Amino acid sequence: SMNRAAVAVILYYNGSDFEVLYVKRSVNPRDPWSGQVAFPGGKCNVSDRDIVDTALRETFEETGIRIDRESVLGLMNDFYPINRPELKVTPVIILINTKPKVKISTEIQEYFWVLLSKLRRDVVNVRLSSGEVISTEAYLYDRFVIWGLTARITRRLIEILNSI
């Protein structure tokens with residue numbers, strides 16, 4: 001359905017810690033998450049067989065990374081973005097054993113790998129697309145601010161990895 005989306009949580013284990021791939025979305029007035037840090041992903045389309053297909057297709061379109069279904073560890077419970085509460089977003093957790101080359105598409109302006117242990121949780125002020133400034137929990141890494149839906153998924157990811 002058009003109200004379903006997937007994001008790819010791509011993990012690489014470097015021997016001592018997990019690294020995860022984030023992208024910074026291009027500034028685009030039609031994108032509700034314009035300019036924000038996110039996981040690769042997007043809405044389902046009719047050609048997708050299932051939600052895993054959506055995550056793999058969107059990852060390839062945005063980053064040029066081809067992932068096979070054998071690398072998919074599983075799905076997280078669904079999330080609902082605060083700015084699009086009708087949209088059901090399923091995070092697809094993927095484990096890769098070599099760090100792929102990323103080819104940036106027009107949809108993203110940059111990408112970065114994050115050592116999960118290096119994320120700092122803090123409260124920050126962010127400006128919404130409406131111009132309103134809100135105070136919200138976020139993760140800080142280098143010059144990047146990870147907030148909103150992506151921060152909520154990140155928090156759940158850290159809980160999951162800490163429990164195994």
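My aim in this report is to walk through the structure given alongside it, one point at a time.

This brings us to helix α1 (residues 51-63). The terminal C-alpha atoms of α1, which comprises 13 residues, lie 18 Å apart, in line with the 18 Å expected from a rise of 1.5 Å per residue. α1 sits mainly inside the fold: eleven of its 13 residues count as buried. For α1, every residue scored as buried is listed here: Ile51, Val52, Asp53, Thr54, Ala55, Leu56, Arg57, Glu58, Thr59, Glu62 and Thr63. Where α1 is buried, its residues contact β1 (4-13), β2 (18-25), β4 (41-43), β5 (72-75), β6 (88-96) and β7 (108-115). By the N-cap criterion, in which a side-chain oxygen at the helix start approaches the backbone nitrogen of a residue two or three places on, α1 is capped by Asp50, the distance to Val52 being 3.2 Å. Where α1 ends, the next residue or the one after it, Gly64, has phi of about 75°, a positive value.

What follows concerns the pairing of strand β10 (residues 144-147). In the case of a regular strand, side chains alternate between the two sheet surfaces. Alignment of strand β9 (residues 133-141) against β10, held across four bridges, turns out to be antiparallel. Of the residues in β10, the one forming a bridge with Tyr139 is Ile146. The antiparallel hairpin formed by β9 and β10 contains two residues in its connecting segment, where Asp142 sits at a positive phi of about 55°.

Now for the pattern of salt bridges. The tally for this structure, following the rule as stated, stands at 13 salt bridges. The partner of Asp78 in a salt bridge is Lys88, and the shortest N-O contact between them spans 3.6 Å. Here the residue Asp78 occupies a position in the loop between β5 and β6, and Lys88 occupies one in strand β6, the gap between them amounting to ten residues. On the accessibility criterion, Asp78 (31% relative accessible area) is partly exposed. A salt bridge links Arg156 to Glu159; the shortest N-O distance between them is 3.1 Å. Within this pair, Arg156 and its partner Glu159 are both found in helix α2 (residues 148-162), separated by three residues, close to a single helical turn.

Of the pairings in the sheet, the one linking strand β8 (residues 120-127) to β9 comprises eight bridges and is antiparallel in character. Looking across to β9, one finds that Arg120 is bridged to Leu140. Here β8 hands over to β9 after five residues, with Gly131 in that stretch at a positive phi of 100°.

We now examine the environment of Cys44. Locating Cys44 in the fold gives a position in the loop between β4 and α1. Between the C-alpha atoms of Cys44 and Val89, which are 45 residues apart in sequence, the distance is 9.8 Å.

Before going further, it helps to examine the packing of aromatic side chains. This model, assessed by the stated rule, comprises five aromatic pairs. Ring plane angle 15° and centroid distance 6.2 Å describe the contact between Phe112 and Tyr141, whose orientation is recorded as stacked. A residue pair is termed long-range when its members are at least 10 positions apart, and Phe112 in strand β7 and Tyr141 in strand β9 qualify at 29 residues. Among the residues examined, Phe112 registers a relative accessible area of 7% and is labelled buried. A relative accessible area of 19% means that Tyr141 is categorised as buried. Seen in terms of ring centroids, Phe112 and Phe144 are 3.7 Å apart; in terms of plane orientation they differ by 5°. Their pairing is stacked. In this pair, Phe112 sits in strand β7 while Phe144 sits in strand β10, placing the two residues 32 residues apart along the sequence. Look at Phe144 and you get buried, because its relative accessible area is 5%.

Rules used in this analysis
- Residue numbers restart at each chain and count upward from 1, following the sequence in its written direction.
- It should be noted that, the model being predicted, local features are given only for residues of pLDDT at least 70 and side-chain atom pairs only at 80 or more, the latter also being counted only at that level, while totals for whole chains, interfaces and linings use all residues.
- Only hydrogens and water are set aside when side-chain values are computed; all heavy atoms of the structure are taken into account.
- Only DSSP runs of H or I with at least four residues qualify as helices, and only runs of E with at least two residues qualify as strands; both kinds are numbered from the N terminus onward.
- By definition here, a helix of n residues has an expected span of 1.5 Å times n minus one.
- Note on exposure labels: buried denotes an accessible area under 20% of the residue type's maximum, exposed denotes more than 50%, and partly exposed covers the range between, all computed with a 1.4 Å probe on protein chains only.
- The contact criterion used is simple: two residues touch if any of their non-hydrogen atoms lie within 4.5 Å.
- Distance and chemistry together define a polar contact, namely a pair of N or O atoms within 3.5 Å, with one atom able to donate a hydrogen and the other to accept it when in protein, and with adjacent residues in sequence counting only for side-chain atoms on both sides.
- When DSSP locates at least two bridges between a pair of strands, those strands are taken to pair.
- Any carboxyl oxygen of Asp or Glu within 4 Å of a side-chain nitrogen of Lys or Arg constitutes a salt bridge here.
- Stacked, edge-to-face and tilted labels apply to pairs of Phe, Tyr and Trp rings (six-membered ring for Trp) whose centres lie within 6.5 Å, assigned for plane angles under 30 degrees, over 60, and everything in between, in that order.

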